[in-house]
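Architecture at a glance
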Amino acid sequence: MHFMDGFLCRNWYCYCLLRNWNRKEMGEDMRYLTFALGKGRLAKKALQMFEQIGIGCEEMKDKDSRKLVFVNEELKLRFFLAKGPDVPTYVEYGAADIGVVGKDTIMEENRRVYEVLDLGFGKCRMCVCGPESAGELLKHHEMIRVASKYPNIAKEYFYNKKHQTVDIIKLNGSVELGPMVELSDVIVDIVETGSTLKENGLAVLEEICPLSARMIVNQVSMQMQTERIRKLINDLKQLSSCKTGGE
Ligand code: PRP
């Protein structure tokens, strides 16, 4: 045998040993950890964060791909994109172990999931908005009409917090139209920069709560995959504290 053959054999053997050891470390039979990400800006930001802690997914970068589920075989991770309101559903039923979605959706859907981390991006506020004149109606607890994409949040706020009886009308978007075309007196909606309200002659009348992107976890996965999920949470926490520290 040529001496080079011996060299290659030895190195191949070392490579195999190391690879086996690495696999054992990670748990070779480790099952996939599945992530459901709310489509759009939140998913993009979440994937950037995941990449920074070393759990990226190359497959997802291919813009032309028609795939729905993306896999990182090495780390046994699966990712899929879903409509925001569906993310807590996938997580509650265990179709995804982990979800990234806005706090607004978590509150509205009210699913049985653990909310484990504020990811610190996608910051905005849930507010009662309308023309300034509607402020008086709110103050005197008048029977008013409230239009919203978030009827459960509106109900919780008006019925349980303010103890005010209101008529809630569900809309699916462009909610600002409500008071403008006299469908409703006020709206319950997300305010980020405030420019949509301003451009349409509306204002924030009451603030319900602050919002941002959150990580949610399936309740069984949290018990069965505690170590992996804890590590993920800690790495993400460290990443955001590093950022704040560095700024
Ligand atoms: C959201 C929200 C407001 C707007 C607030 O709407 O419902 O309309 O953004 O943002 P701003 O304070 O920065 O102006 P989105 O763009 O999601 O569309 P939608 O109206 O169809 O829900």
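Calculation rules
- Residues numbered from 1 in each chain as written.
- Predicted model: local features only at pLDDT ≥ 70, side-chain atom pairs only at ≥ 80, totals over all residues.
- Heavy atoms only, no water.
- Helix = DSSP H or I, 4+ residues; strand = E, 2+ residues; numbered from the N terminus.
- Expected span 1.5 Å × (residues − 1).
- Buried < 20%, exposed > 50% of the residue type's maximum accessible area, 1.4 Å probe, protein only.
- Arc of directions from axis to C-beta.
- Pairing = 2+ DSSP bridges.
- Axes fitted to C-alpha atoms, helices over the stretch in contact; angles between N-to-C directions.
- Core = buried A, V, L, I, M, F, W, Y, C linked by side-chain atoms within 4.5 Å.
- Patch = residues over 30% accessible without salt bridge, like charges linked within 9 Å, V, L, I, M, F, W, Y side chains within 5 Å.
- Areas by Shrake-Rupley, 256 points an atom, 1.4 Å probe, with all protein chains shown as cover.
- Salt bridge = Lys/Arg side-chain N within 4 Å of Asp/Glu carboxyl O.

This paragraph deals with helix α2 (residues 41–52). Here α2 contains 12 residues, and its C-alpha end-to-end distance of 17 Å stays within 8% of the 16 Å for a straight helix at 1.5 Å per residue. Within the span of α2, buried status applies to A43, A46, M49 and F50. Buried residues of α2, seen end-on, are gathered within an arc of 125° and therefore sit on one face of the element. What points out from α2, more than 90 degrees from its buried face, is the exposed set R41 and K44.

The subject of this paragraph is helix α6 (residues 151–161). Those residues of α6 lying buried are P151, I153, A154, Y157 and F158. Burial along α6 is one-sided: seen end-on, the buried residues are contained in an arc of 165°. One or two residues past the end of α6 sits H163, with phi positive at roughly 50°.

So, about the sheet that holds strand β9 (residues 186–191). Read across the sheet, five strands follow the order β8-β7-β9-β6-β10 without closing on themselves; strand pairing throughout is mixed. Where the open sheet ends on each side, the last strands, each with one partner, are β8 (166–170) and β10 (203–211). Adjacent strand axes in the sheet meet at a mean angle of 25°, parallel and antiparallel pairs treated alike. As judged from the seven bridges shared by strand β6 (residues 124–130) and β10, these two strands associate in the antiparallel manner.

Before going further, it helps to examine unusual backbone geometry. Backbone geometry places H141, a non-glycine residue, at a positive phi of 50°. Mapped onto the elements, H141 comes out in the loop between α5 (134–139) and β7 (144–148). Given the relative accessible area of 39%, H141 is considered partly exposed. Phi angles above zero are rare outside glycine, and H163 is one such case at about 50°. Examined against the element boundaries, H163 turns out to sit in the loop between α6 and β8. Judged by relative accessible area, H163 falls into the exposed class, the value being 61%.

A few words on the nonpolar core. Counting 28 residues, the largest nonpolar core has F35, F50, L119, M215 and L236 as its most contacted members. Contributing elements (two or more residues each) for this core: β1 (33–38), α2, β3 (77–82), β4 (98–102), β11 (213–217) and α10 (226–246). Residue contributions to this core peak at five residues, all from α10. M126, A134, A154 and I208 belong to the second-largest nonpolar core, a separate cluster that totals 19 residues.

On to the pairing of strand β2 (residues 69–72), then. What you see with β2 is a clean split: F70 and N72 sit on the buried side and V69 and V71 on the side with no burial. Relative to β3, β2 runs antiparallel, the two being bridged by four bridges. Across the sheet, residue F70 finds its bridge partner in β3, namely F79. Between β2 and β3, which pair antiparallel and follow one another directly, the connecting turn spans four residues, one of which, K76, has a positive phi of 55°.

Below, the discussion takes up a nonpolar patch on the surface. Taken together, the side chains of L177, M180, V181 and L183 define a hydrophobic patch exposed on the protein surface, amounting to about 340 Å² of accessible area. Position of M180 among the secondary structure elements: in helix α7 (residues 177–180).

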